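Inside the fold
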Amino acid sequence: MTPATETFLTYRGLNSYDILKWKIGYCDDGEYRNRIVIPSFDLDGYCNYFIARTYTEDWLKYKNPPVSKDVVFNELLINWSEPTVLVEGAFDAINADNSIPLLGSTLSSYSRLFRAVLTHSKRIYIALDQDAEKKALNIVSVLNSYGIEVYKIDTSDYEDVGSMTKEEFETRKASATLFDESTLLLQKILQI
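Just so it is clear, the structure is predicted and the values come from calculations on it, not from any experiment. (Residues numbered from 1 in each chain as written. Predicted model: local features only at pLDDT ≥ 70, side-chain atom pairs only at ≥ 80, totals over all residues. Heavy atoms only, no water.)

**A few points about unusual backbone geometry**
Under the convention used in this document: Exposure categories follow from relative accessible area, calculated using a 1.4 Å probe and restricted to protein chains: below 20% of the type maximum is buried, above 50% is exposed, and the middle band is partly exposed.
Positive phi, close to 55 degrees, is recorded for Lys 23, a residue that is not glycine. Relative accessible area serves as the criterion here: at 47%, Lys 23 is assigned to the partly exposed category. Look at Asp 157: it is not a glycine, yet its phi comes out positive at around 75 degrees. Asp 157 sits in the exposed class, given a relative accessible area of 73%.

See the structure below:
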């Protein structure tokens, strides 16, 4: 790692274990120059996607491969027998144990991730950024309609899950709210 990449990763709260577990690398030349690269691996261990995030002042924060992002990001690391956390980005997922980044703030009912959640999960935690509150409630509503037990993690006072410490995230996860139909309805009314 270069001093600049180490500084960036330290600023994001990553340690050596995170870097090795997530197989994080960087590019110092070529198309993905000055970018941290976080690869995604399918269940067979094959790289099926990656995100490339600048660690400099590049105007384009993310530059990802020109392929479909309809993957279960890093499914190789997911223990489906445990509750799974859905977050927005890869740096969020690193801070949240057993988590999958949506690579955005929506979950399409036609996506591989949606099918995997319905197939494998009985309990899901949602931890999206505060500016995606309505999208989070939509995901909760859809998953509830399929009988998935959904808990919503409070991310207020933080830019995103990636800006929390792992300890703070676990504390918030432990106090997450179970969203049933009445809780969901109340939240939607409060948002109007």
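**Thoughts on a negative patch on the surface**
Under the convention used in this document: Residues enter patches when their relative accessible area tops 30% and they take part in no salt bridge; the joining distance is 9 Å for like charges and 5 Å for the nonpolar side chains Val, Leu, Ile, Met, Phe, Trp and Tyr. Method for areas: the Shrake-Rupley scheme with a 1.4 Å probe, in which residue coverage is limited to the protein chains shown. Salt bridges are defined as contacts in which a side-chain nitrogen from Lys or Arg sits within 4 Å of a carboxyl oxygen from Asp or Glu. As used throughout, the charge tally considers Lys and Arg to be positive and Asp and Glu to be negative, leaving His and the chain termini uncounted. One atom stands in for each charge, and that atom is NZ of Lys, CZ of Arg, CG of Asp or CD of Glu. Helix and strand definitions follow DSSP, with helices as H or I runs of at least four residues and strands as E runs of at least two, each counted in order from the N terminus.
Taken together, the side chains of Glu 82, Asp 97, Glu 167 and Glu 170 present a region of like negative charge at the surface. Among the structural elements, Glu 170 can be located in helix 6 (residues 166–174).

**Some details on the sheet that holds strand 2 (residues 35–41)**
Operational definition: In this analysis, strands are considered paired if DSSP registers two or more bridges between them. Axes here mean lines fitted to C-alpha atoms, for a helix over just the part in contact, with angles spanning 0 to 180 degrees between N-to-C directions. Working rule for contacts: check all heavy atoms of both residues, and any pair within 4.5 Å makes them a contact.
What the 3 strands build is an open sheet, ordered 1-2-3; its pairing is antiparallel. Two strands lie at the open edges of the sheet, namely strand 1 (25–27) and strand 3 (47–54), each paired on one side alone. The mean angle between the axes of side-by-side strands here comes to 35 degrees, regardless of whether they run parallel or antiparallel. Two elements, strand 2 and strand 3, share 7 bridges in a ladder whose sense is antiparallel. Residue pairing in the sheet places Phe 41 in a bridge with Cys 47 of strand 3. Running at roughly 65 degrees to strand 2, helix 1 (residues 3–11) makes contact with strand 1, strand 2 and strand 3 of the sheet.

**Describing the packing of aromatic side chains**
Quick note on the threshold: Pairing of aromatic rings covers Phe, Tyr and Trp, the last counted by its six-membered ring, and requires centre-to-centre distances within 6.5 Å; plane angles under 30 degrees mean stacked, over 60 mean edge-to-face, and any other angle means tilted. Only when the NZ atom of a Lys or the CZ atom of an Arg is both within 6 Å of the ring centre and within 35 degrees of the ring normal do we say a charge sits over the ring.
Per the stated rule, a full pass over the model turns up 4 aromatic pairs. On the basis of an interplanar angle of 80 degrees and a centroid distance of 5.3 Å, the ring pair of Tyr 32 and Phe 50 is categorised as edge-to-face. Highlighted residues: Tyr 32 in the loop between strand 1 and strand 2 and Phe 50 in strand 3, separated in sequence by 18 residues. Residue Tyr 32 is classed as buried on the basis of its relative accessible area of 13%. Residue Phe 50 is classed as buried on the basis of its relative accessible area of 19%. With 5.1 Å between their ring centres and 20 degrees between their planes, Tyr 125 and Tyr 151 make a pair best called stacked. On the criterion of sequence distance, the pair formed by Tyr 125 in strand 6 (residues 123–127) and Tyr 151 in strand 7 (residues 149–152) is long-range, its members being 26 residues apart. The burial state of Tyr 125 is the same as that of Tyr 151; both residues are buried. Of note, Lys 63 hangs over the ring of Tyr 32, and the distance from its end group to the ring centre comes to 5.7 Å. Residue placement shows Lys 173 over the ring face of Tyr 125; its charged tip is 5.1 Å from the ring centre.

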